[in-house]
Amino acid sequence: MSVQMALVDYIPVLMFLAAAVTLQRDLYKSMSKGAFALFSAGTITVFVAGFYKATWKLLYGAGVCDFVPLNKSFFPMQTTGFVLAALGMLALLCHNQGDENKLNSVAIIPALGVILTAAAPEEYSGTMIFVILMVLGVLILDVGLIIISAKNKQTIAAVIYGVSFVFVMGMGYLSSKDFNEPLMNWIAEFTNIIGQGTFLLATWMLHKNVFAKK
């Protein structure tokens, strides 16, 4: 792992941060305090997870140290972040803000997680549940943004959010491959950049054409 590759890893992390902050500002007035707290905490957690991972790569690539906790915390932190962001999105789309029954319905994802954990074979329960929850979190987040884009007649933004989801899932697939090969690392880096770049582009289009005009 080279320093150059580690530095490139910060690019999609910063792209996601820019999109997350923009969405937080744009959706703030539409969300209840609880929904916004879930959404903002989730997106910031995803950013921190990515920042930790990129920093681990930089320290390792520069020969400073192998700070293992930065690497190991990435997967559970990122999963938690996407689940929290998805909960906030569900609260925004599926309930009138202030609905007393909101928490019961929004608890679908954690409840599903408990069920899947109990049902999963022991050798997979430590990781498979994180994979399932992450996919659900990213899916719900992107579908929610697609719905918001469609409601505001931003078809191109909706399509781009869909493209972003495909590339993020592609990044997940590539993470299971042999990363001892430099080529695989670079393919994964550019896949991640395209995934987060399209996410940022769609968010910017939504902001410029909808929220900036309100």
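Residues numbered from 1 in each chain as written. Predicted model: local features only at pLDDT ≥ 70, side-chain atom pairs only at ≥ 80, totals over all residues. Heavy atoms only, no water.

Brief notes about the overall build of the chain
The helix and strand tally for the chain stands at 11 helices and zero strands. Beginning at the N terminus, the succession of helices and strands in the chain can be written as α-α-α-α-α-α-α-α-α-α-α. Counting over 214 residues, the chain shows a buried share of 41%. Looking at the chain alone, contacts between residues at least 24 apart form 72% of all its contacts between residues at least 6 apart. If you sum the accessible surface of the chain, you get close to 11300 Å²; carbon and sulfur atoms cover 68% of it. (Helix = DSSP H or I, 4+ residues; strand = E, 2+ residues; numbered from the N terminus. Buried < 20%, exposed > 50% of the residue type's maximum accessible area, 1.4 Å probe, protein only. Contact = heavy atoms within 4.5 Å. Areas by Shrake-Rupley, 256 points an atom, 1.4 Å probe, with all protein chains shown as cover.)

Focus: the confidence of the model for the chain
Of the residues in the chain, 79% reach a pLDDT of 70 or more, and the chain-wide mean stands at 82. The secondary structure element of the chain with the lowest average pLDDT is helix α6 (residues 102-106), at 42, and the one with the highest is helix α2 (residues 10-27), at 95. Contacts from residues 99-125, a stretch scored under 50 in pLDDT, to residues over four places away or in other chains number 25 contacts. (pLDDT = per-residue confidence, 0-100.)

Quick notes on the layout of surface pockets
Space inside the second largest pocket adds up to approximately 150 Å³. Lining the second largest pocket, in full, are R25, D26, K29, S30, F211 and K214. Classifying every residue of the lining of the second largest pocket by side-chain character gives one nonpolar, one polar and four charged. (1 Å grid on protein atoms, 1.4 Å probe; cavity = no way out; pocket = protein on both sides within 12 Å on 5 of 7 lines; lining within 4 Å. Points joined across faces, edges and corners; volume = space filled by probe spheres on them. Nonpolar A, V, L, I, M, F, W, Y, C, P; charged D, E, K, R; others polar.)

Re the packing of α2 against helix α3 (residues 33-61)
In the contact formed by α2 and α3, the axes pass within 9 Å of each other and the chain directions differ by 170°. For the element pair α2 / α3, the angle class is roughly antiparallel. The crossing of α2 and α3 is left-handed. Across from Y10, V13, F16, L17, A20, L23, Q24 and L27 in α2, the residues of α3 making contact are F36, F39, S40, T43, I44, V46, F47, G50, F51, A54, T55 and L58. Split into classes, the residues belonging to the contact of α2 with α3 amount to 15 nonpolar, five polar and no charged. (Axes fitted to C-alpha atoms, helices over the stretch in contact; angles between N-to-C directions. Parallel < 35°, antiparallel > 145°, perpendicular 65-115°, else oblique. Left-handed = near helix turned anticlockwise from the far one by under 90°.)

Considering α3
The end-to-end C-alpha distance of α3, which contains 29 residues, comes to 42 Å, matching closely the 42 Å that a straight helix rising 1.5 Å per residue would cover. Trailing α3 by a residue or two, G63 shows a phi angle of about 75°, which is positive. (Expected span 1.5 Å × (residues − 1).)

Some words on the environment of M169
Relative to the elements of secondary structure, M169 occurs in helix α10 (residues 155-174). Classification of M169 as partly exposed rests on a relative accessible area of 26%. Spatially, the C-alpha atoms of M169 and M134 are 9.9 Å apart, while their sequence positions differ by 35 residues. For M169, the residues in contact, after removing those within four places along its chain, are V135 and V138.

Quick word on empty space enclosed by the protein
Under the defined criterion, the tally for this structure stands at one cavity of 30 Å³ or more. For the largest cavity, the full set of lining residues is F16, F82, V138, L141, D142, S164, V168, G195, Q196 and F199. At the level of secondary structure, the elements contributing two or more residues to the lining of the largest cavity comprise α9 (128-151), α10 and α11 (182-209). A per-class count over the lining of the largest cavity returns six nonpolar, three polar and one charged.

Notes on the nonpolar core
One finds L27, F39, M89, L141, L145, I148 and F199 to be the most contacted residues of the largest nonpolar core, which totals 33 residues. When residues in this core are grouped by element, the largest group, six residues, is from α2. In this structure, L145 is in contact with L23, M89, Y161 and F199, ignoring residues within four places of it in sequence. (Core = buried A, V, L, I, M, F, W, Y, C linked by side-chain atoms within 4.5 Å.)

Topic: the side chain of Q78
With respect to the helices and strands, Q78 occurs in helix α5 (residues 74-94). If near-sequence neighbours (up to four positions away) are discounted, Q78 is found in contact with V46, A49 and M134.

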